[in-house]
Amino acid sequence: MLRSVRGAALFEHRRGLLGWSIGIAAFVLLSLAFYPSIRENATQFQAVIDQMPAALRSVFLGEVTDITSPVGYLNGRLFASTMPVLVLVFVIGWGSRAVAGEEEAHTLDLLLSMPVTRRRVFLEKFAALAAGLGVVCLATWASLAIFDIPFGVDVGLGALAAVTVHLFVFGLVFGAIGLALGAASGRRGVAAGITSGVAALAFILSSIAPLSPDTRWLQTLSPLYYYAGSTPLLHGVDPLHIGVLALLTVAALAGGTWAFDHRDLRA
Amino acid sequence: MVSPAIATEHLTKRYGGVRGIEDVTFEVGTGQVVGFLGPNGAGKTTTIRTLMGFLRPTSGVARLFGVDVAAGGAALRRRTGFLAGDVSLYPRFTGEELFTYLGSLRGGVDVAFRDALVERLQVDPSRRIEDLSHGNQQKIGLVQAFMHRPELVILDEPTQGLDPLVQQTFHELVDETRGDGRTVLISSHVLSEVERLCDEVGIIRDGRIVVVEGIEDLRARAFRRVHVRFAAEVPAEALRAIEGVGDLVVDGTDARCTMVGPIDPLVKLLAAHHVLDLVTERPSLEEAFLTYYGSPDAA
């Protein structure tokens with residue numbers, strides 16, 4: 001584990017990762033456990049949903065509004081808002097502290113007195129974050145795959161995998177932004193604050209923009225659109241949307257490395 | 001020609017208009033142990049962090065082994081060992097975990113040699129670093145700085161918090177490093193330590209290097225304080241006429257002055273008088289230090 005910067009970062013997060021994985025599995029289990037009772041009272045629930053203002057509905061549900069079908073339920077209960085928010089909390093916390101946290105704890109001087117370049121440290125920190133996010137996404141997928149049939153939420157492993165892949169790449173974008181801002185500023189609070197702000201804007205944009213045909217195109221400016229816009233739970237992985245998210249990630253990483261490489265470390 | 005282990009040319013670092021160091025030029029030859037003296041805030045740490053590549057110089061060049069630090073980066077740090085001023089190690093790691101991690105990043109660390117260091121410095125590598133006292137953390141910091149037998153060791157205030165026994169071991173370690181023909185730069189504000197360890201000393205003041213010279217040369221230029229009690233009237237004029245005598249204060253039959261350079265002329269003069277008491281202090285580096293810090297024009 002302690003053979004590389006990447007390994008050490010995972011080692012440092014080992015307990016947190018375990019906690020997140022267990023927590024997410026528990027949350028998934030709990031969510032699925034409610035499905036049978038919702039299914040029984042399908043008409044009442046759907047009536048409530050249909051009465052909601054369109055804006056609110058799109059915030060919480062996205063485009064799939066039949067919440068009592070297995071796909072609609074999983075989408076509304078987990079993937080439209082809760083899972084992306086959980087993933088954001090996870091990656092923004094990890095990303096913003098990866099470099100900036102070491103700087104604030106004064107261990108960055110020690111690390112960079114080793115024969116490693118700043119670029120290497122930065123990219124290995126990102127690799128660790130990606131691996132950590134992978135573990136959390138895998139826990140999500142696995143707990144869904146285990147508990148879906150017992151609770152009658154069978155949407156197929158492929159559909160679950162597709163939405164999890166979208167979730168993973170969506171998480172990478174904001175992990176990379178948090179990491180880059182932390183590496184550029186050396187301040188964890190600044191990085192976490194700005195990244196959270198960007199994420200909040202993304203949510204607002206993708207829920208408000210579709211309400212009017214004139215502003216609809218604006219939703220394509222939000223990373224959230226490339227996570228959920230193609231409804232991967234129904235239609236599988238959208239390579240184009242994944243590509244856009246990957247491109248955003250690479251852009252954030254490129255900017256972060258450059259800034260990190262060209263500044264003074266804080267004492 | 002072998003490049004000096006450290007060389008800076010007109011190295012300047014300003015922080016948003018505020019000066020950190022200004023026009024610092026000095027060299028540390030291979031195999032030398034050099035002390036880097038100055039009060040806190042004079043620019044020692046800024047200079048060292050620029051040498052390590054943590055700070056980008058505003059102007060001027062810092063070279064290690066003849067290679068510009070800005071270009072040589074990781075390859076230079078492979079040949080260098082470093083201990084920061086306020087030592088900050090990964091608090092959640094044990095000493096053993098830290099050595100494994102840093103050893104992996106460095107590659108090729110002789111584990112037997114490292115374990116011998118751990119033994120000599122009496123480090124307990126099985127405990128978590130955050131549970132160790134400051135002095136014990138400092139020892140772990142020293143182990144990692146020396147464990148790969150680097151050609152150059154840069155230490156920022158290395159003996160803070162070390163108990164005297166460990167300081168002794170540290171001194172031996174520095175002597176052995178010099179014995180191998182390797183180079184050490186030690187920043188310190190503890191003069192006696194620099195006096196004990198170093199061949200040469202650089203003094204930095206207000207961001208500028210004031211002087212780099214041998215300890216003995218520095219001491220020769222240092223002033224000593226002299227206090228003479230005469231039985232009769234003080235021969236003030238004759239005293240003043242002696243080269244090197246300054247700040248003469250006559251109080252009844254007591255004379256106090258400072259003295260730079262050879263003391264012999266003073267002794268010869270005193271021999272012609274009835275002297276009740278004579279006190280002179282050996283010039284310490286501290287006095288030399290004050291010579292430079294005492295008056296702004298000393299350089």
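Details of the structure are given in the entry above.
Only a predicted model underlies this, so the values are computations on that prediction, with no experimental measurement involved.

Draft legend 1. Looking closely at the overall build of chain A. When you go through chain A residue by residue, the secondary structure sums to 15 helices and zero strands. The globule rule puts the C-alpha radius of gyration for 267 residues at 18 Å, and the 20 Å found for chain A is close to it. The principal-axis extent of the C-alpha atoms belonging to chain A is close to 65 × 45 × 30 Å. Taken over 267 residues, chain A has a buried fraction of 52%. Total accessible area on chain A stands at roughly 11300 Å², and carbon and sulfur atoms take up 69% of it. Charge-centre separation for chain A: the mean point of 17 positive side chains lies 9 Å from the mean point of 16 negative side chains.

Draft legend 2. Structural detail: the interface of chain A and chain B. Taken together, the contact between chain A and chain B spans 26 residues of the former and 24 residues of the latter. Together chain A and chain B conceal approximately 2500 Å² of surface at their shared face, both sides included; 58% is due to carbon and sulfur atoms. Our enumeration of links across chain A and chain B arrives at two salt bridges. Of the charged contacts, one joins A:Asp264 and B:Lys13 as a salt bridge, the two residues approaching to 2.5 Å between their closest N and O atoms. Linking chain A to chain B there are 16 residue pairs in polar contact (both at pLDDT 80 or more). Looking at the side of chain A that touches chain B, the elements with two or more residues in it are α1 (5-12) and α9 (108-111) of chain A. Each residue belonging to the side of chain A that touches chain B can be placed in one class, and the counts come to 13 nonpolar, five polar and eight charged.

Draft legend 3. Region of interest: the side chain of A:His166. Residues and elements named next belong to chain A. Structurally, His166 can be placed in helix α11 (residues 157-185). The class for His166 is buried, based on a relative accessible area of 0%. Among residues more than four places away in sequence, those in contact with His166 are Tyr226, Tyr227, Ser230, Pro232, Gly236, Val237, Asp238, His241, Ile242 and Leu245.

Draft legend 4. A look at the sheet that holds strand β6 (residues 80-83) of chain B. Residue and element names in this part refer to chain B. Overall, mixed pairing links the six strands, which are arranged β6-β7-β8-β3-β9-β10 in an open sheet. The two strands at the open ends of the sheet, each matched to only one other strand, are β6 and β10 (208-214). Neighbouring strand axes in the sheet, compared pairwise and without regard to direction, differ in orientation by 15° on average. Two elements, strand β7 (residues 152-156) and strand β8 (residues 183-188), share five bridges in a ladder whose sense is parallel.

Draft legend 5. Spatial organisation of unusual backbone geometry. Although it is not a glycine, A:His106 adopts a positive phi angle of roughly 65°. Relative to the helices and strands, A:His106 is located in the loop between α8 (100-104) and α9. The phi dihedral of B:Asp23 falls on the positive side, at around 55°, and the residue is not glycine.

Draft legend 6. View of the sheet that holds strand β14 (residues 275-280) of chain B. Residues and elements named next belong to chain B. Spatial strand order, β12-β13-β11-β14: four strands in an open sheet with antiparallel pairing. Looking along the sheet, the strands with just one partner apiece sit at the ends: β12 (245-251) and β14. Going across the sheet, the axis of each strand differs from the next one's by a mean of 15°, ignoring polarity. The pairing of β12 with strand β13 (residues 254-260) spans five bridges and is antiparallel. When the sheet's bridge partners are listed, Val245 is paired in β13 with Met259.

Analysis parameters
- Residues numbered from 1 in each chain as written.
- Chains lettered and ligands numbered in written order.
- Predicted model: local features only at pLDDT ≥ 70, side-chain atom pairs only at ≥ 80, totals over all residues.
- Heavy atoms only, no water.
- Helix = DSSP H or I, 4+ residues; strand = E, 2+ residues; numbered from the N terminus.
- Rg over C-alpha atoms; globule rule 2.2 N^0.38 Å.
- Buried < 20%, exposed > 50% of the residue type's maximum accessible area, 1.4 Å probe, protein only.
- Areas by Shrake-Rupley, 256 points an atom, 1.4 Å probe, with all protein chains shown as cover.
- Lys, Arg positive; Asp, Glu negative; His and termini not counted.
- Charge placed at Lys NZ, Arg CZ, Asp CG, Glu CD.
- Contact = heavy atoms within 4.5 Å.
- Buried area = accessible area lost by both parts, 1.4 Å probe.
- Salt bridge = Lys/Arg side-chain N within 4 Å of Asp/Glu carboxyl O.
- Polar contact = N/O pair within 3.5 Å; in protein donor to acceptor, adjacent residues only side chain to side chain.
- Nonpolar A, V, L, I, M, F, W, Y, C, P; charged D, E, K, R; others polar.
- Pairing = 2+ DSSP bridges.
- Axes fitted to C-alpha atoms, helices over the stretch in contact; angles between N-to-C directions.

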